[in-house]
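# Chain and residue survey
Residue strings, one per chain:
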Amino acid sequence: AQTVTQSQPEMSVQEAETVTLSCTYDTSENNYYLFWYKQPPSRQMILVIRQEAYKQQNATENRFSVNFQKAAKSFSLKISDSQLGDTAMYFCAFMTANYGQNFVFGPGTRLSVLP
Amino acid sequence: NAGVMQNPRHLVRRRGQEARLRCSPMKGHSHVYWYRQLPEEGLKFMVYLQKENIIDESGMPKERFSAEFPKEGPSILRIQQVVRGDSAAYFCASSPPVAEYYGYTFGSGTRLTVV
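Reading the values: the criteria
Residues numbered from 1 in each chain as written. Chains lettered and ligands numbered in written order. Predicted model: local features only at pLDDT ≥ 70, side-chain atom pairs only at ≥ 80, totals over all residues. Heavy atoms only, no water. Helix = DSSP H or I, 4+ residues; strand = E, 2+ residues; numbered from the N terminus. Buried < 20%, exposed > 50% of the residue type's maximum accessible area, 1.4 Å probe, protein only. Contact = heavy atoms within 4.5 Å. Areas by Shrake-Rupley, 256 points an atom, 1.4 Å probe, with all protein chains shown as cover. Phe/Tyr/Trp six-rings, centres within 6.5 Å; stacked < 30°, edge-to-face > 60°. Salt bridge = Lys/Arg side-chain N within 4 Å of Asp/Glu carboxyl O. Core = buried A, V, L, I, M, F, W, Y, C linked by side-chain atoms within 4.5 Å. Disulfide = S-S within 2.5 Å.

### As for the overall build of chain B
Across its full length, chain B holds zero helices and 11 strands. Each helix and strand of chain B, ordered N terminal to C terminal, gives the series β-β-β-β-β-β-β-β-β-β-β. Along the longest, intermediate and shortest principal axes, the C-alpha atoms of chain B span 40 × 25 × 25 Å. The buried share of chain B, taken over its 115 residues, is 45%. By sequence separation, contacts in chain B at least 24 residues apart represent 53% of the contacts at least 6 residues apart. Carbon together with sulfur atoms contributes 47% to the accessible area of chain B, which is approximately 5,800 Å² in total.

This is the structure we're talking about:
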């Protein structure tokens, strides 16, 4: 069974600074996908970024980028130029590449961006 | 495209009552997934359905919980004889017939409170 661990329950960062959220996972699969989801107080689950395990290049989406270390099973999220609107819970998630897959989520990191 | 619609947004039930949560997938999506989020935790997979079929219910509690996705109408998650421990946010996600990861969309969730 796959597991996802986020070792930082809470983090804070000053506006305009950079912050990195950690995520590790455990799997015996070789082909899979990794995700970061953001959940603001509205409760909506918003996809931030995704990474295919077969791709060595780290994914980037504007101010968001990941550091994917497949051998170490690590998938951290870096948020540059933090904005107040980035305040939210952030969940790391894993999905196998098999048909009919479902997400395995980590416990989340609560990020507060301070003015 | 209205996205994944869940209703009600909030539901309060007394212990012993039944709770019915509805999910209308995105247009063109025929796969529905239900997840439960306990307070301060990540989402946990419950059940995966296609039209008129339960594909994977490995995350569903064995008693009191059931789900359906009829040929017509929304998917329904039904909780009979609710208890305080059922209080949680319940999220639905949908995906197109080919279950590629990029096709997943989450609804805004139903927060169930059992009093």
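So, next bit.
### Digging into the packing of aromatic side chains
Here a ring pair, both rings aromatic, is described through the centre-centre distance and the interplanar angle of the planes. Applying the stated criterion across every chain, the model contains 21 aromatic pairs over all chains. Residues Phe 103 of chain A and Phe 105 of chain A carry aromatic rings whose centres are separated by 5.5 Å and whose planes lie at 35° to one another, so their mutual orientation is tilted. Each member of the pair, Phe 103 of chain A together with Phe 105 of chain A, is buried. With centroids separated by 6.4 Å and ring planes inclined at 55°, the aromatic side chains of Phe 103 of chain A and Tyr 35 of chain B adopt a geometry described as tilted. Here the residue Phe 103 of chain A occupies a position in the loop between strand 10 (88-96) and strand 11 (104-105), and Tyr 35 of chain B occupies one in strand 4 (residues 31-37), the pair thus bridging two chains. Residue Phe 103 of chain A shares its accessibility class with Tyr 35 of chain B, and that shared class is buried. An aromatic cluster is built from Phe 35, Tyr 37, Phe 91, Phe 103 and Phe 105 of chain A together with Tyr 33, Tyr 35, Phe 45, Tyr 48, Tyr 104 and Phe 106 of chain B, whose rings are joined through pairwise contacts.

### Examining the pattern of salt bridges
Residues and elements named next belong to chain B. Per the counting criterion, the structure on display carries eight salt bridges over all chains. A salt bridge links Lys 44 to Glu 41; the shortest N-O distance between them is 3.9 Å. What you see here is one network of salt bridges that share partners, running through Glu 18, Arg 20 and Arg 78.

### Points about the nonpolar core
Counting residues in each nonpolar core, the largest one holds 25 residues, and the members touching the most others are Tyr 25, Trp 36, Phe 75, Leu 77 and Tyr 90 of chain A. Those elements that provide at least two residues to this core are strand 3 (19-21), strand 5 (32-39), strand 6 (46-52), strand 8 (64-69), strand 9 (74-79), strand 10 and strand 12 (109-114) of chain A. Here this core gets four residues from one element, more than from any other, and that element is strand 10 of chain A. Discounting chain neighbours no more than four positions away, the residues touching Leu 77 of chain A are Val 19, Thr 20, Leu 21, Trp 36, Val 48, Ile 49, Phe 64, Ser 65, Val 66 and Tyr 90 of chain A. Counting 23 residues, the second-largest nonpolar core is a separate cluster that includes Met 60, Phe 65, Leu 112 and Val 114 of chain B.

### Brief notes about the environment of Gly 106 of chain A
Within the secondary structure, Gly 106 of chain A sits in the loop between strand 11 and strand 12. Measuring from C-alpha to C-alpha, the distance between Gly 106 of chain A and Phe 91 of chain A comes to 5.8 Å, with 15 residues separating the pair along the chain. Setting aside residues up to four positions removed in sequence, Gly 106 of chain A forms contacts with Val 4, Gln 6, Phe 91 and Cys 92 of chain A together with Gly 42 of chain B.

### Concerning the state of the cysteines
Two cysteines joined by a covalent bond between their sulfur atoms form a disulfide. Scanning the entire structure with this criterion turns up two disulfides over all chains. The disulfide partner of Cys 23 of chain A is Cys 92 of chain A, and the S-S distance across this bridge is 2.0 Å. With the S-S bond torsion at -70°, the cross-link from Cys 23 of chain A to Cys 92 of chain A turns out left-handed. With a gap of 69 residues between them, Cys 23 of chain A in the loop between strand 3 and strand 4 (24-26) and Cys 92 of chain A in strand 10 connect regions that are remote in the sequence. With respect to class, Cys 23 of chain A is no different from Cys 92 of chain A; both count as buried. The side chain of Cys 23 of chain B participates in a disulfide bridge whose partner is Cys 92 of chain B; the two sulfur atoms lie 1.8 Å from each other. Its S-S torsion of approximately -55° makes the covalent link between Cys 23 of chain B and Cys 92 of chain B left-handed. You can see Cys 23 of chain B sitting in strand 3 (residues 19-24) and its partner Cys 92 of chain B sitting in strand 9 (residues 88-95), a full 69 residues away along the chain. Overall, the relative accessible area of 0% leaves Cys 23 of chain B in the buried class. Classification of Cys 92 of chain B by relative accessible area gives buried; the value is 0%.

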